[in-house]
Each structure stands twice: as C-alpha cells, then as structure tokens.
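The residues making up each chain are set out below.
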Amino acid sequence: MRRVTVAALVLGVIGTPAAPAAPAAPATPAAPPRPAGYRSAPDARPVRAGAVLPGPGTYTDSIARGETRTYRVRLDGSSNVFLSAVLAPAPGSAVDVVDGVSLSLRTASGLLCGMRTDIRLYGDTARPVADYVSRRVEAGRDCQEAGEYDLVVEGVGRGGDDGRRGPWRWDLELGYVAEPAPGPGEGPPPAPTVWSTEPPAAFGEGSAGPGRAAHGGTGFNDAAPLAGAGTWRDELRPGESRFYRVPVAWGQQLFARARFGNATAPPGRSALPDGLRLALYNPARGAVDERKGLYTGDPATLLLATAPAAYANRSEGATDAVSAMRFAGSYYLQVSLDRQAPTAVPLALDLALPSVSSAWAGQEDAGPARGSGPVSGSGPVSGSGPASRSARGDAAAPGPDPVLRAVGIAGISTGTVLVASLAAWPLLATRLSRSRSRTRPRPRGRHARGA
C-alpha cells in the first residue's frame, strides 16, 4: 500500500502540468545620464558684487532672478573692450523662456555706454547662453575716458512662483577682453559687400567621407577644436549642449550644417518646438546667429551661414549677425537638444570656410583684433596667436580656449605685430575698394552704438 501511495505521489508530481510562468515585466529603458554642467575656465577668479575687475581675465559668480549685481571695471583710453556674460543653469534645471540676464556698461554716474544687451534662454531647456557689451575707442562715441566704469548684470525672469519652480540662482561667468584700437588716420580695409548665402558644392559627406569623431565640450572653455572644413560626428543626449570651436580667418565665411540622425519620437506628442538648436558665437563670446528646428525623432538639418569676417563689419554691418563677424579667431558652435527628447541623437557637423576675396589671401595678420586678455577665457586674436595658426590648418589641442592662451605673450609681441598689421591696411583698403559695389547701411540693434 505504501508503494502504491509513493508511486501515485511520484506520478502526480510528474504528470501534473506545470503552471505557466508569469510574463516578464517589460524592461524599463534606463534614463540617459544627465549631461555635464558648464566648465568654467580653470584659472577664472571668483568675485562678488561690488568687486573690481582690474583688467582682462575671466571671473565667476552667480546671480538670481530679480537680483542686480554690479562690478567695477577699469578701462584705459586706448583699447576696445568687450565684457561678456555667460549664464549657465545646470542641466535639468527648470527654466522659463524669458529667464536670463540683462547686461549694461555704465559710467560711475549711471549713464549708459552704448546699448543694453539682453541674454535670454528663449526655451524651456537649460543651456549656456552668452553675449557682451562693449566700449569702442572712436571720436563721437560714449565713454571714451580712462577710468572705472560699472558693469551691471540683472537677473530677469517671469515674476511670481508658478508652483512648478521657485526662484533660480545660476552660475555666471564674466569675460573681459581688450584689443588695441586703431590710431589716428589708421583704418582697416573695407568689409566685403558681396558673398554667397549658399554653401559650396563640395560640402559635407560628399567631400569628407563618413566624418571624423569629435566630442563637444560643455562651453567656451573646453569647446572641441574642429580644424577647418570637413565633417565631424558626435552624439547629443537629452537636455545637452555641446560646444565646438572653429578657426575663421579674415575674409572667410563659415558655413555650418548640423545633421541630426534618426531617433525616437517624443512620447505623447508629435514634435518638440525648437527642440533642435544651432547657435554661433564670436571670439569675444558675442552672439552671432542661431537656427532652431522641430524635434520629431526623424532626421533633421539646420544650416547656418555667416558674412565674411572683417574688422570693418563693426561699423558697416547691416545687421547684428553681420556686425558680429568682426574678428578673426576661434568662433564657437553650440548644438543643443531639448530635455524632453527620449533618447540620444546622432549628430554630424559639416563645415566649410570659403574666402570671398583674393585680396584677403595671405593677409591673416592684417587687422587689429588681437586679444590682450588672460591666459584662459575667450578673446579675439589674429596674427601670430594660436587662433591664426589653427586658421592655417594647425589643429589646436583640447583644453582652455587657446584664443586667450596667446595673451600671456601679448605683452612681448603685440606692439611688433600691431605695427606690421596697421602697415598692411592701406594696401588692403586700396585693393578691396576697387571691387566695392555698394555701401551697406549702418547696423541696427545692439551693435548700432557698441564696438
């Protein structure tokens, strides 16, 4: 009996069908890592409101919405000066389209030196934004005397608490860059008046193959160097901005095309307005231009084309974008992806740098836009500095912006190079004036009275 019972038990265990296994829960996609925050210049000096900015350099502070921070800046009577502000909210911060800062340069008595500059996010994704105010040494302009002036930075945004976020406080990086102004009777060659808005035929994949790998930086100080025309490949994570620096010589245009690859559609909606951005800044961190596009998850393209770089654009540029192309040196491309994009997006950057006039060929050293700022940071350089070497094809090493690395030797070489540069202007002016076909109106907006 016992044997039958055991056998029955064994047969029952073997013969009883196993219960079906519960279906495995679908794997939850891992959230992409948060992008790295903005990296300040390694030798930037921390300051607080009321501090004196004694001369060219990079300085760090923070600012809150509704707060005004004033810094004293010492200006001489012979240099053009560019004072920039980079507002850098941490990636993932809750932001509003009108959040930003207003920047102005004033006399000790409160009179404006030129126009106020507004720097805004104009979107709901946190990313670094920048621009400058300036003082140009020229008869008839404001604030020509040497002395102390006030750099005023005001944190602005939508008033009140909407329940989704409280008042913000974000990092602020200030840049002070100076360049020698032309002497009496000296002047640069006229700016080119005709150029193409269409990129060259050999542009992108067709001429550069599959492209070279690049890894964009978090901002101006660690921007990845791109050594000239060609195609580079990278990847953008949600909420990320990546920066690249491109050498632009006098008389060159920059064509930059950002090609965003196939990705995942945004959940619950068909598109993210302004989800893709391509922005350009000049060597003094002045905003040049920006392109925006929808993010749908499908491939998309943004194209940005500049005027030729020319010193005379400061007074002859018909628009802010043309006037901002006033330096030779490292220009900065910023590519951004909306924080609500569900996945990373492949990126290809196509660059072309055609010269518009043979009169500029071999004249990279002509022009006064030479940095005299600190060892690191941002600033305009032409001539024998690292930026001009990159323009001739020498790839710069990654790390702090080489534009200002040249400044350490500026005290030794600026005088010699400037004399040679100024001597070259009359010849260039004669050659270019022969092809001058029209006179452009003076710039409007923030460049109308600034440098």
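Look above for the structure.
Residues numbered from 1 in each chain as written. Predicted model: local features only at pLDDT ≥ 70, side-chain atom pairs only at ≥ 80, totals over all residues. Heavy atoms only, no water.

Asks: Could you clarify how one ought to interpret the overall build of the chain in this entry?
Replies: Regarding its fold elements, the chain presents seven helices and 20 strands. Across the 451 residues that make up the chain, the buried fraction comes to 53%. For the chain, the computed accessible surface area is about 19,100 Å², with 56% contributed by carbon and sulfur atoms. (Helix = DSSP H or I, 4+ residues; strand = E, 2+ residues; numbered from the N terminus. Buried < 20%, exposed > 50% of the residue type's maximum accessible area, 1.4 Å probe, protein only. Areas by Shrake-Rupley, 256 points an atom, 1.4 Å probe, with all protein chains shown as cover.)

Asks: Which parts of the structure should I look at to understand the side chain of aspartate 338?
Replies: Tracing the backbone through its elements, the reader meets aspartate 338 in the loop between β19 (329-337) and β20 (345-352). Excluding residues within four positions of it along the chain, aspartate 338 makes contact with Asp124, Thr125, Pro238, Gly239, Leu272, Pro273 and Gly275. (Contact = heavy atoms within 4.5 Å.)

Asks: Just checking my understanding: could you explain the sheet that holds strand β18 (residues 300-305) for this structure?
Replies: Pairing is mixed across the open sheet formed by five strands, whose spatial order is β11-β13-β20-β15-β18. Looking at which strands have only one partner, the edges of the open sheet turn out to be β11 (212-213) and β18. Pairing of β11 with strand β13 (residues 230-236), which is carried by two bridges, proceeds in the parallel orientation. When the bridges of β13 are listed, alanine 213 appears paired with arginine 233. (Pairing = 2+ DSSP bridges.)

Asks: Looking at this model, I keep getting lost on the environment of threonine 319. Mind explaining?
Replies: Among the secondary structure elements, threonine 319 is positioned in the loop between α3 (313-316) and α4 (320-323). Given the relative accessible area of 33%, threonine 319 is considered partly exposed. A polar contact of 3.2 Å, which involves the side chain of threonine 319, links it to the backbone nitrogen of valine 322. (Polar contact = N/O pair within 3.5 Å; in protein donor to acceptor, adjacent residues only side chain to side chain.)

Asks: Just checking my understanding: could you explain the side chain of arginine 106 for this structure?
Replies: Mapped onto the secondary structure, arginine 106 falls in strand β6 (residues 100-106). Buried charge without a salt bridge: arginine 106, with glutamate 154 as the nearest opposite-charge side chain at an N-O distance of 4.8 Å. Reaching out from arginine 106, the side chain makes a polar contact with the backbone oxygen of glycine 110 at a distance of 3.2 Å. Discounting residues that sit within four places of it in the chain, arginine 106 has contacts with Leu111, Leu112, Cys113, Arg116, Tyr149, Asp150 and Val152. (Lys, Arg positive; Asp, Glu negative; His and termini not counted. Salt bridge = Lys/Arg side-chain N within 4 Å of Asp/Glu carboxyl O.)

Asks: What is the right way to read the pairing of β20 from this model?
Replies: Each regular strand displays side chains that alternate between the two surfaces of the sheet. Within β20, seven of the eight residues are buried, which leaves the element mostly enclosed by the surrounding structure. Summarising the sheet, β13 and β20 pair through seven bridges and their orientation is antiparallel. The residue bridging arginine 233 from the neighbouring strand is alanine 348, located in β20. As paired strands, strand β15 (residues 255-260) and β20 are joined by six bridges and run antiparallel to one another. The residue of β20 that forms the bridge with arginine 259 is alanine 348.

Asks: Hey, could you run me through the state of the cysteines in this one?
Replies: What we call a disulfide is simply a covalent bond connecting the sulfur atoms of a pair of cysteines. Counted according to the given criterion, the structure contains one disulfide. Between the sulfur atoms of cysteine 113 and its disulfide mate cysteine 143 the distance is 1.9 Å. Here cysteine 113 and cysteine 143 share a disulfide; its torsion about the S-S bond, -85 degrees, makes the bridge left-handed. Remark: cysteine 143 occurs in the loop between β8 (129-135) and β9 (147-156) and cysteine 113 occurs in the loop between β6 and β7 (117-120); sequence separation between them is 30 residues. Note on accessibility: cysteine 113 and cysteine 143 belong to one class, buried. (Disulfide = S-S within 2.5 Å.)

Asks: It is not clear to me how the pattern of salt bridges should be interpreted in this structure. Could you clarify?
Replies: Note on pairing: side chains with opposite charge can pair once their charged atoms come close. Going through the model one piece at a time under the given rule, you end up with 25 salt bridges. In this structure, the salt-bridge partner of arginine 48 is aspartate 61, at a minimum N-O distance of 3.2 Å. A residue pair is termed long-range when its members are at least 10 positions apart, and arginine 48 in the loop between β1 (45-46) and β2 (52-53) and aspartate 61 in strand β3 (residues 57-64) qualify at 13 residues. We classify arginine 48 as exposed; its relative accessible area is 52%. Exposure remark for aspartate 61: the relative accessible area of 6% places this residue in the buried category.

Asks: Just checking my understanding: could you explain the packing of aromatic side chains for this structure?
Replies: For any pair of aromatic rings, the description rests on two quantities: the centre-to-centre distance and the angle between the ring planes. Within this structure, the stated rule accounts for six aromatic pairs. Ring geometry for phenylalanine 220 against tyrosine 281: centres 5.3 Å apart, planes inclined by 80 degrees, an arrangement best described as edge-to-face. Of the two residues, phenylalanine 220 sits in the loop between β11 and β12 (224-225) while tyrosine 281 sits in strand β16 (residues 272-281), which places them 61 residues apart along the sequence. Here the two residues phenylalanine 220 and tyrosine 281 agree in accessibility, since each one is buried. (Phe/Tyr/Trp six-rings, centres within 6.5 Å; stacked < 30°, edge-to-face > 60°.)

Asks: I'm lost on the pairing of β9 in this one. Help?
Replies: Note that strand β4 (residues 68-75) and β9 share eight bridges and pair antiparallel. Counterpart to tyrosine 71 in the pairing with β9 is leucine 151. Here β6 pairs with β9 via seven bridges, running antiparallel. Opposite arginine 106, over in β9, you have aspartate 150 as the bridge partner.

Asks: Teacher, can you tell me more about the environment of glycine 261 here?
Replies: Inspection of the secondary structure assignment puts glycine 261 in the loop between β15 and β16. For the pair glycine 261 and leucine 347, spaced 86 residues apart in sequence, the C-alpha separation works out to 6.1 Å. Those residues within four positions of glycine 261 in sequence are excluded, and the remaining contacts are Gly297, Asp298, Pro299, Val345 and Pro346.

Asks: Help me understand the environment of asparagine 262, please; the structure alone is not making it clear to me.
Replies: Along the chain, asparagine 262 turns up in the loop between β15 and β16. Take asparagine 262: its relative accessible area is 55%, and that puts it in the exposed class. Considering only alpha carbons, one finds asparagine 262 and alanine 300, 38 residues apart in sequence, at a separation of 8.3 Å.

Honestly, it's all geometry; don't read function into it.
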